[in-house]
Amino acid sequence: MKNYYIFILMIILNPLKAQYCPPGSKTEVLKSGNLNLSFTNANINWSNNADDESFLTLSDGSQLKFLFNESVWFSGMAVDDSIYVSANTFSTATEGYDFKPGPLDDNGDINYCINWDRFFRVESRDIIKAEQLYIYGELSKESLPENILYWPARGNPHFFEKYGFELENRDYASFWDENSDGIYNPLDGDIPMLSDTFQSRPLAFDKFPSYLVFNIFNDVGNGSHLLTRGKPMHLEISRYIYTYDIDCGKNIYFVKYKVSNKSEKAYFNFKASIWQHPTFDRGKDFAINKALGTDASNNSTFSHPTDLQVPGENGLNVHPVLVTRVLDGLNTPKKKIEIDDTVYYETVTNPNELSDIETYVDDGLMGSMYMLNCNLGNYNPATCDPAGTDLPFYYMINNHWQDGVPLSSGGYGYNPSTAESTNFVFYDNPSNPNGWSTCTLDFDIRDFGLLTTVGPNILFPGSQDEFTYAVTVDLSTSDDCPDIEKINQNIADCIENINLNYSNIEERNIIDVKRNTYGNELVIENGEVPLDLYIYNLQGQLCFRNNLSVLENYRQNLDELQLVDGMYVVRLVNVNMRKSMEYKFVKY
């Protein structure tokens, strides 16, 4: 009889053990440039904890909180027209959660998700150290940075040593596979990388950002959606948050989401939305009234305070402008249509048109929508934050209000009497006095959510897609109605600058300098360009950094830096282009 009860107890407990998944509890803080970013396993910015807030450090040393929360929403429709939504908003322990930590297995289920309530971080100095060890044939478990050795990539044989569980032979984080054996092993020369599309080791190395944080989560958890109340989509989501150490990039962070469909359903009209709740809070000074809009031609949405100015980059007080810019959208299926000898490509969302798909196109930003905190104003209920069921969330992602009325241009965008519709809210430049923007409306906006949407795609079972965006806090304008196109041009120039600085290592030229390789004084001669000088020990730790102008002779006494005798790696980087050289130096 006792064995019978034990058997029954195992039946009861095993499913709970396999399926129960508490909300992510770990917080990670990334400090880069002027940014202090705090995020959890399900949301990027998490401002409820006073010790872990996200903020921007201004020129006078004060802190500006610019986002209260940011997350991601997904939606799709099955072949039987049933809708599916997964989303997060303010995410307390009892409500607001559709996402839980961890990957999914091939059946779309999750086991032991508590193991994945963590983040994985790699910095460029880790990559530089690993590359040096690879070049000099000195790879070992003892010499490699831990962030490289324990990177959560396919089948990493060292992972168990640190985390206590094995990685299966399946995709997790991206990596460069040096010997093409399909397994991540840094002792073979494998290194983490940002994108699976890089086709060479030099490119994987050279495109690595200054800071990268990775985590993985899903929308299954314990099988229930506490926010949208619908059924899980069985999505596995990998997230890469990263930044670059470059002057114009001090106020920019990047996010890449890779989403995999682990269900048996195909999701048509599959879309992803970046959900943000902007705030502009400088301690005692905070914004009450805000503006928002869309710059569709530049794949971006934006918001800014109308009653708050802060110290700007030009020494003047400015209105901070928060810009979210889509860099890569989802792959959208297209069918070809010919009318009067003219070829058009139309988006395919109907399952009956699968055979008509001609190509896939990245259309970038495909929609924007706002929603209001109706606790702070007398607004139409249809325009409030969605809640209760998944349908209002689905409507919002697809540019409709909660009652199904489509977004339309003019007024506040809620016009039930018109048959017209638009995919973009407040789509004219605020600097245009005749355009449709919040600058031309008497609209009291105090607290709102803003969706930046990409897609649609058709996400088949077992397939995946990804999208990338950048978030910038611009501090260049004091205009109440800023020229958003000018701001976006500055952002585009900065991103291009980043691409140039982080260019293909194969295109680098060796920097023309003379240097010594041993002694207690570092000597560099005949530099023709400004250089950044880095000195690392063999554990990959940065021991010294200096900015060198155009020089004929640079000398640095290493005893003054309190460096112990031994071998170091010296790295010289052209500060105008990401050309560099590295060499070993022996101090004695």
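Located above this text is the structure these notes cover.
Just so we're clear, the structure is a prediction, and the values are computed from it rather than from any experiment.

**Student:** I'd like to hear about the environment of Val586, residue by residue, with values.
**Tutor:** Here Val586 lies in strand β33 (residues 580-587). In this structure Val586 comes out as partly exposed when scored by relative accessible area, which is 34%. Considering only alpha carbons, one finds Val586 and Asp565, 21 residues apart in sequence, at a separation of 7.5 Å. Apart from the residues lying within four places of it in its own chain, the contact partners of Val586 are Thr517, Tyr518, Gly519, Gly566 and Met567.

**Student:** Can you break down the side chain of Asp390 residue by residue, with the values?
**Tutor:** Within the secondary structure, Asp390 sits in helix α6 (residues 390-397). We note that Asp390 is buried and unpaired, the nearest opposite charge coming from Lys231 at a distance of 9.3 Å. Among all residues touching Asp390, those that are not within four sequence positions of it are Ile83, Val85, Thr228 and Gly230.

**Student:** A description of the layout of surface pockets should follow, citing residues and the corresponding values.
**Tutor:** In this structure, the second largest pocket occupies an estimated 400 Å³ of space. For the second largest pocket, the lining is made up of 18 residues, of which Leu194, Tyr242, Tyr244, Asp328 and Thr468 are closest to its centre. Taken together, the elements giving at least two residues each to the lining of the second largest pocket come down to β12 (252-261), β19 (321-328), β25 (464-474) and α7 (484-501). Along the lines of polarity and charge, the residues of the lining of the second largest pocket split into 10 nonpolar, four polar and four charged.

**Student:** Outline the sheet that holds strand β22 (residues 357-362), listing residues and values.
**Tutor:** With antiparallel pairing, the three strands of this open sheet are ordered in space as β21-β20-β22. A strand with exactly one partner marks an edge of an open sheet, and here the two such strands are β21 (342-347) and β22. Going across the sheet, the axis of each strand differs from the next one's by a mean of 45 degrees, ignoring polarity. Where strand β20 (residues 331-339) meets β21, six bridges bridge the pair, whose relative direction is antiparallel. From the neighbouring strand, Ile337 faces β21, where its bridge partner is Tyr344.

**Student:** Report on the state of the cysteines, specifying residues and quantitative values.
**Tutor:** Considering all chains together, one arrives at three disulfides under this definition. The disulfide bridge from Cys439 ends at Cys481, spanning 2.2 Å between sulfur atoms. Because the torsion about its S-S bond is -110 degrees, the bridge between Cys439 and Cys481 counts as left-handed. Note that Cys439 is positioned in the loop between α6 and β24 (448-459) and Cys481 in the loop between β25 and α7, a separation of 42 residues in sequence. A residue is classified by how much of its surface remains accessible, and Cys439, at 26% relative accessible area, is partly exposed. For Cys481, a relative accessible area of 30% puts it in the partly exposed group.

**Student:** Before we move on, could you go through a nonpolar patch on the surface and cite the residues and values that matter?
**Tutor:** A surface patch of nonpolar side chains, about 420 Å² in accessible area, is lined by Tyr518, Met567, Val586 and Tyr588. By the element assignment, Tyr588 lies in the segment after β33. By relative accessible area, Tyr588 is classed as exposed at 57%.

**Student:** Give me the sheet that holds strand β26 (residues 514-515): which residues, what numbers.
**Tutor:** Taking strand neighbours across the sheet as the criterion, the three strands line up as β26-β28-β31 in an open arrangement whose pairing is antiparallel. The open sheet terminates on both sides in strands that have one partner only, identified here as β26 and β31 (553-557). Here β26 pairs with strand β28 (residues 521-525) via two bridges, running antiparallel. If you follow Lys514 over to β28, its bridge partner there is Glu525.

**Student:** Outline the pairing of β12, listing residues and values.
**Tutor:** Taking burial as the measure, the 10 residues of β12 include 10 buried ones, the bulk of the element. Burial of the side chains of β12 extends over both faces: Ile252, Phe254, Lys256, Lys258 and Ser260 are buried on one face and Tyr253, Val255, Tyr257, Val259 and Asn261 on the other. Note that β12 and β25 share nine bridges and pair antiparallel. Residue pairing for β25: Ser260 is matched across the bridge by Gln464.

**Student:** Tell me about the pattern of salt bridges, and please be specific about residues and values.
**Tutor:** Per the stated rule, a full pass over the model turns up 23 salt bridges. Across the salt bridge formed by Asp281 and Lys65, the nearest N and O atoms sit 3.7 Å from each other. Here the residue Asp281 occupies a position in strand β13 (residues 267-282), and Lys65 occupies one in strand β4 (residues 63-77), the gap between them amounting to 216 residues. You can call Asp281 buried: its relative accessible area is 19%. A salt bridge links Glu466 to Lys256, with the shortest nitrogen-to-oxygen separation between them at 4.0 Å.

**Student:** Which residues make up the pairing of β19, and what values go with them?
**Tutor:** Within β19, six of the eight residues are buried, which leaves the element mostly enclosed by the surrounding structure. Note that strand β16 (residues 300-305) and β19 share four bridges and pair antiparallel. For Ser303, the partnering residue across the bridge sits in β19 and is Leu322. Pairing analysis gives seven bridges linking β19 to β25, with the strands arranged antiparallel. Across the sheet, Val323 pairs through a bridge with Thr472, a residue of β25.

What counts and how
- Residues numbered from 1 in each chain as written.
- Predicted model: local features only at pLDDT ≥ 70, side-chain atom pairs only at ≥ 80, totals over all residues.
- Heavy atoms only, no water.
- Helix = DSSP H or I, 4+ residues; strand = E, 2+ residues; numbered from the N terminus.
- Buried < 20%, exposed > 50% of the residue type's maximum accessible area, 1.4 Å probe, protein only.
- Contact = heavy atoms within 4.5 Å.
- Lys, Arg positive; Asp, Glu negative; His and termini not counted.
- Salt bridge = Lys/Arg side-chain N within 4 Å of Asp/Glu carboxyl O.
- 1 Å grid on protein atoms, 1.4 Å probe; cavity = no way out; pocket = protein on both sides within 12 Å on 5 of 7 lines; lining within 4 Å.
- Points joined across faces, edges and corners; volume = space filled by probe spheres on them.
- Nonpolar A, V, L, I, M, F, W, Y, C, P; charged D, E, K, R; others polar.
- Pairing = 2+ DSSP bridges.
- Axes fitted to C-alpha atoms, helices over the stretch in contact; angles between N-to-C directions.
- Disulfide = S-S within 2.5 Å.
- Patch = residues over 30% accessible without salt bridge, like charges linked within 9 Å, V, L, I, M, F, W, Y side chains within 5 Å.
- Areas by Shrake-Rupley, 256 points an atom, 1.4 Å probe, with all protein chains shown as cover.

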